Amino acid sequence: MMGDSSVYRHNYAPEELIERLHGRVGINTLHARGIDYLRSSLARAYRENRNLRLALELCVRCGACLTVCPAYISTGDINNSPLGRLTLAQAILSGEMGADVVERAYTYYWQCLTCRRCSWACPMGIDVGDVSRVVRSILYEMGLAPNYVSGVVDNLESVGNFLGLPPDVLKIIINNVVNEVRVEKGIEVRVKIDEPAYALLLPSACADYTVSINTFKGYVALLSKLGIDFTISTRAPDITNYGLFLHERHMKLIAERVIDEARRLEVKLVIAGECGHGWRVFKNYIIPRLREYGIEGTHILYLTADAIRRGLIKVDKSLNGDATYVYMDPCHYVRGGDLIHEPRFILANVVRNYAYINEEPGLAICCGGTSGMLAKEMEDLSIKYARLWYERAVIKNADYIVVPCAACKLQMDRVLPRLNKIYGKNVAFMGLMDLVYRALIT
Ligand code: SF4
Ligand code: SF4
């Protein structure tokens, strides 16, 4: 299979935006645009980063990763594959590079979903997603980064949320959610805003405040039924962390904003909402940092599963009707955050008819929208990636795809209409907490 995906490339962020971002995290290499910087920085990373060294030394070129990488399966372009990305990194290190190497690196490392499916199939456990992240960081230091990702990082660092929604808009949305839950379910929600409480709820601004408002209703209804005193911060209202895709310094800066708010609001617990990559950062970076201050962190789906198991809430499957709900594991949950069984347990308890897109969760297929692929100019490539899971959902007779991840929901929102048209279907999507909300008996 031969293919060429070189035409799909992120638009570059303007220099003033990169300059602003660099300034926040103490990077001053904006004009180091040459091949030499790419090579010397990768050589330094090779010496200091054991995972990168092992990836480049242990690959035996067996090709097992090619059989699972959604980017390669969808495009047939060997450059857009785990093996291609490793080969390119080796070429940069060895100096066997053409004049277009910087452009090639930008194109192909940003076509990677960082979904880590390759690492699951590789006999050596090589995680090419992490190799992509290392090279992207170097390119960013050189001033080369996607406009879309850079803009989201800027919003998260300056306003505190993905979309840059101002506090008064956030308050209106939260109050509307509270009112609708009262009318629809008769539950009196007592949510504090920017006030101290026992727990801080961390929804995902890009979906829960917009395309997936019923997920938000699920959070607040559950916490109210459990009698948990909780607050939402308008300064840090978002679990999203696009620093993960751009540069570790930005990942930490965005995460620290959440930690600062948790401390300022004197909470004892921070509750993550439905977001795959956000949970990956939350579990692996934020929770250990919170514990330094005696604060715990958890996911709303752990709380929900526990509440069902212990009979703390009552749910009725019939309230979700006879539709077929097909669960899609967010890739960052299964290969970055160990959140696998609870969502499936919840689904089995809140609907009558369900199936899974991935019979083997470890090999969960990425939605094709993570890692910056939601950029408008990447839509055509991302729809190629999306066909892999869509076709499986159709085979399972899905009426709804259930996906507890904000980026996946944005991806569904844009690609499902196009895919439904191509395949003549009418598949819809929703979050998992939407189903919990509907099934909740009050
Ligand atoms: S599966 Fe692993 S060892 Fe085999 S080609 Fe891919 S990265 Fe290399
Ligand atoms: S992380 Fe995902 S998209 Fe990137 S090379 Fe591996 S399998 Fe392919």
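Some points on the domain arrangement of the protein chain
Thinking step 1. The domain boundaries assigned to the protein chain delineate domain 1 (15–145), domain 2 (152–308) and domain 3 (314–439).
Thinking step 2. Here domain 1 and domain 2 have C-alpha centroids that lie 32 Å from each other.
Thinking step 3. Taken together, the 10 residues of domain 1 in the interface contact 10 residues of domain 2.
Thinking step 4. Elements represented by at least two residues in the side of domain 1 that touches domain 2 include exactly α1 (15–25) and α8 (128–141).
Thinking step 5. Of the residues forming the side of domain 1 that touches domain 2, the biggest block, 5 residues, is contributed by α1.
Thinking step 6. Taken together, the residues of the side of domain 1 that touches domain 2 sort by class into 5 nonpolar, 2 polar and 3 charged.

Notes on helix α19 (residues 379–395)
Thinking step 1. Compared with an ideal rise of 1.5 Å per residue, which puts 17 residues at 24 Å, α19 spans 24 Å between its outermost C-alpha atoms and is within 8% of the ideal.
Thinking step 2. In α19, a bend of some 35° at R387 exceeds every other bend along the element.
Thinking step 3. All of the buried residues along α19 are L381, S382, Y385, A386, W389, Y390 and A393.
Thinking step 4. At its buried positions, α19 is contacted by α4 (70–75), β6 (324–327), β8 (400–402) and α20 (406–423).
Thinking step 5. Immediately downstream of α19, the backbone of N397 shows phi near 60°, a positive value.

Things to note about the sheet that holds strand β3 (residues 230–232)
Thinking step 1. Taken together, 5 strands build an open sheet; the order of strands is β1-β3-β2-β4-β5 and the sheet is parallel. Lying at the two open borders of the sheet, with one neighbouring strand each, are β1 (191–193) and β5 (296–299). Averaged over all pairs of adjacent strands, the angle between strand axes in this sheet comes to 30°, irrespective of strand direction.
Thinking step 2. Relative to β3, strand β2 (residues 199–202) runs parallel, the two sharing 2 bridges. When the sheet's bridge partners are listed, A199 is paired in β3 with F230.

Here we look at the site of ligand 2
Thinking step 1. Taken together, the neighbourhood of ligand 2 is formed by 15 residues, with C69, C112, C115, C118 and G129 sitting nearest.
Thinking step 2. Ranked by the residues each element gives to the shell around ligand 2, the list is headed by α8, at 3 residues.
Thinking step 3. Classifying every residue of the shell around ligand 2 gives 9 nonpolar, 3 polar and 3 charged.

Observations concerning α1
Thinking step 1. Regarding α1, the residues found buried are I18, L21 and H22. Looking straight down α1, one finds that the buried residues subtend no more than 100° of arc, so they occupy a single side. Away from the buried face of α1 by more than 90 degrees, exposed residues E16 and G23 are located.
Thinking step 2. Turning to α1, the residues buried within the fold contact α9 (147–158) and α14 (248–264).
Thinking step 3. Phi turns positive, to about 70°, at G26, one or two residues after α1.

Thoughts on the site of ligand 1
Thinking step 1. Neighbouring ligand 1 are 14 residues, the closest being C59, C62, A64, C65 and C122.
Thinking step 2. Broken down by element, the shell around ligand 1 gets its largest block of residues, 3 residues, from helix α5 (residues 82–94).
Thinking step 3. Partitioning the shell around ligand 1 into residue classes produces 12 nonpolar, 1 polar and 1 charged.

Let's talk about the sheet that holds β8
Thinking step 1. The 4 strands lie next to each other as β7-β6-β8-β9, forming an open sheet whose pairing is parallel. Of all strands in the sheet, those bounded by a partner on one side alone are β7 (353–356) and β9 (428–430). Adjacent strand axes in the sheet meet at a mean angle of 30° when their direction is disregarded.
Thinking step 2. Here β6 pairs with β8 via 3 bridges, running parallel. Residue pairing for β8: Y325 is matched across the bridge by Y400.

Definitions and cut-offs
Residues numbered from 1 in each chain as written. Chains lettered and ligands numbered in written order. Predicted model: local features only at pLDDT ≥ 70, side-chain atom pairs only at ≥ 80, totals over all residues. Domains from an automatic or database assignment. Contact = placed C-beta atoms within 7 Å. Helix = DSSP H or I, 4+ residues; strand = E, 2+ residues; numbered from the N terminus. Nonpolar A, V, L, I, M, F, W, Y, C, P; charged D, E, K, R; others polar. Expected span 1.5 Å × (residues − 1). Bend = angle between axes of the 7 residues up to and from the residue. Buried ≥ 20, exposed ≤ 12 C-beta atoms within 10 Å, placed from the backbone. Pairing = 2+ DSSP bridges. Axes fitted to C-alpha atoms, helices over the stretch in contact; angles between N-to-C directions. Near = placed C-beta within 6 Å. Arc of directions from axis to C-beta.

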